[in-house]
Amino acid sequence: MQCFFINKHTREEASEFAARIFEAAFWNGSGNVLVGTATGQTPVLTYKNMQRIFNEEYDGYEEEFEECIRFMQLDNYVSDDATAENLPEYSYQRELEESIWKIPHNAHFIPREYIDPEEECKHYEKVVEEQRNWADLYIQLLGIGDKDGHIGFNMPGTPLDAGVHIATLNEETIEANAKKFFNGDTSKVPKKAITMGIGNILQADVIVLEAFGSEKAEIIHKSFFEDMTEEVPASALRTYDGLLFVILDDESSSAIREKEGDDVFTNLDKYDVNQIILDNN
Ligand code: PGA
């Protein structure tokens, strides 16, 4: 594995940097690029930056992007009363439609929250495999659960080689998501989700993990500098054999800087990133 820890001062700078990694993947991926998307608060600014870069710097290249870009979402809630026409009030699908799916592309995929979850898991496992085969470069964006280190909805205790499965959200995740997306009302947070497994995620050629804010500092340190364990799903990334970028701001990097020192971090600009992606292709 080639792993770069990046520390930018602010979430804004970090998100701009992350967007440049995706730009490099589109430009230097030399072929079909599959972007594994994540939802939640963390990637919002990264998607805004990606849209800005594509609109401002690649005006006129829409056809090229339509040929070579596909999006594949990591996870989705299971919503018992949703239908294809009537999505729930808080919807990952709408979030993606209003952000990253606005970039010209030829296909996008998301676990359907309104299909029998067992059936949908089988279906989505096939989707993941087919898209992985289609892609010349598969680049996966990830956030991380504040306290437990979940990636996608892989909860603590999930086998590190899991495929697409139904996850039962733990209390911490329900509380965190209630605060972020449901005005603190835990009763409104769906209790189950369909998620790509850690085994699927580790198939990516490039992984970009973003974590911002002081509440993520300890879990980021634990994931990468303490024991690898199913209890901290993100620690599975230490077995990853692709190219990994861990992108932090000053708050989320604080525990690593205190305990491990500043040398952990590499200072890269967008030209370095281009070269790294090219070298890995
Ligand atoms: P967040 O969620 O981006 O909203 O902090 C991260 C996660 O739960 O994976």
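That block above? That's the structure.
Let us look at the structure shown here. Not measured: the values here are computed from a predicted model.

### Some points on the overall build of the chain
Then, in step 1: Scanning the chain from N- to C-terminus turns up 10 helices and 10 strands.
Then, in step 2: Viewed in the frame of its principal axes, the chain has a C-alpha envelope of about 45 × 45 × 35 Å.
Then, in step 3: A separation of at least 24 residues holds for 81% of the contacts in the chain among residues at least 6 apart in sequence.
Then, in step 4: Approximately 12,400 Å² of the chain is accessible, and the part contributed by carbon and sulfur atoms is 43%.
Then, in step 5: Between the mean site of the 24 positive side-chain charges and the mean site of the 55 negative ones, the chain shows a separation of 4 Å.

### Quick look at helix α6 (residues 171-181)
Then, in step 1: Within α6, the full set of buried residues consists of Thr-173, Ile-174, Ala-176, Asn-177, Ala-178 and Phe-181.
Then, in step 2: Those residues of α6 hidden inside the fold are in contact with β4 (75-77).
Then, in step 3: Following α6 by one or two positions, Asn-183 adopts a phi angle in the positive range, close to 50°.

### Some words on the environment of Tyr-240
Then, in step 1: In this structure, Tyr-240 sits in the loop between α8 (217-225) and β10 (243-248).
Then, in step 2: The spatial distance from the C-alpha of Tyr-240 to the C-alpha of Cys-3 is 9.4 Å, given a sequence separation of 237 residues.
Then, in step 3: If we ignore the near neighbours within four places in the chain, the residues touching Tyr-240 are Met-1, Leu-202, Ala-204, Asp-205, Val-206 and Ile-207.
Then, in step 4: A polar atom in the side chain of Tyr-240 sits 3.1 Å from the backbone oxygen of Asp-205.
Then, in step 5: From its side chain, Tyr-240 meets the backbone nitrogen of Val-206 in a polar contact 3.2 Å long.

### Description of the sheet that holds strand β5 (residues 107-109)
Then, in step 1: As summarised here, the arrangement of the 7 strands in space is β1-β10-β9-β6-β2-β3-β5, forming an open sheet in which the pairing is parallel. For this open sheet the edge positions go to β1 (2-7) and β5, each flanked by a neighbour on one side alone. Going from strand to strand, the sheet's axes swing by 15° on average, the running direction of each strand aside.
Then, in step 2: Pairing between strand β6 (residues 137-142) and strand β9 (residues 206-211): 4 bridges, direction parallel. Considered in β9, the bridge of Leu-142 is made with Leu-209.

### Description of the environment of Arg-257
Then, in step 1: Mapping Arg-257 onto the fold places it in helix α9 (residues 254-260).
Then, in step 2: Put simply, Arg-257 and Thr-158 are 99 residues apart on the chain and 29 Å apart in space, counted from C-alpha to C-alpha.
Then, in step 3: Ignoring sequence-local partners within four residues, the contact set of Arg-257 consists of Asn-7, Asp-250, Asp-262 and Phe-265.
Then, in step 4: Within the structure, the side chain of Arg-257 is placed 3.2 Å from the side chain of Asn-7, a separation counted as a polar contact.

### What about the pairing of strand β3 (residues 69-73)?
Then, in step 1: With 5 of 5 residues buried, β3 lies mostly within the body of the structure.
Then, in step 2: Covered by surrounding structure in β3 are Ile-69, Phe-71 and Gln-73 together with Arg-70 and Met-72, the residues of both alternating faces.
Then, in step 3: In terms of strand pairing, strand β2 (residues 33-37) meets β3 through 5 bridges, oriented parallel. Note on β3: the bridge partner recorded for Val-35 is Phe-71.
Then, in step 4: In the sheet, β3 pairs with β5 via 3 bridges, with the strands oriented parallel. If you follow Phe-71 over to β5, its bridge partner there is His-108.

### Some remarks on the pairing of β9
Then, in step 1: Burial within β9 is extensive, with 6 of its 6 residues counted as buried.
Then, in step 2: Residues of β9 alternate between two faces, with Val-206, Val-208 and Glu-210 on one and Ile-207, Leu-209 and Ala-211 on the opposite face, all of them buried.
Then, in step 3: Both β9 and β10 contribute to a ladder of 6 bridges, which runs parallel. Within β10, the position partnered with Ile-207 by the bridge is Leu-244.
Then, in step 4: As a crossover connection, the stretch from β9 through α8 into β10 is right-handed.

Cut-offs applied
Residues numbered from 1 in each chain as written. Predicted model: local features only at pLDDT ≥ 70, side-chain atom pairs only at ≥ 80, totals over all residues. Heavy atoms only, no water. Helix = DSSP H or I, 4+ residues; strand = E, 2+ residues; numbered from the N terminus. Contact = heavy atoms within 4.5 Å. Areas by Shrake-Rupley, 256 points an atom, 1.4 Å probe, with all protein chains shown as cover. Lys, Arg positive; Asp, Glu negative; His and termini not counted. Charge placed at Lys NZ, Arg CZ, Asp CG, Glu CD. Buried < 20%, exposed > 50% of the residue type's maximum accessible area, 1.4 Å probe, protein only. Polar contact = N/O pair within 3.5 Å; in protein donor to acceptor, adjacent residues only side chain to side chain. Pairing = 2+ DSSP bridges. Axes fitted to C-alpha atoms, helices over the stretch in contact; angles between N-to-C directions. Right-handed = clockwise from strand over helix to strand, strands pointing away.

Shape is all these values report; function is a separate question.
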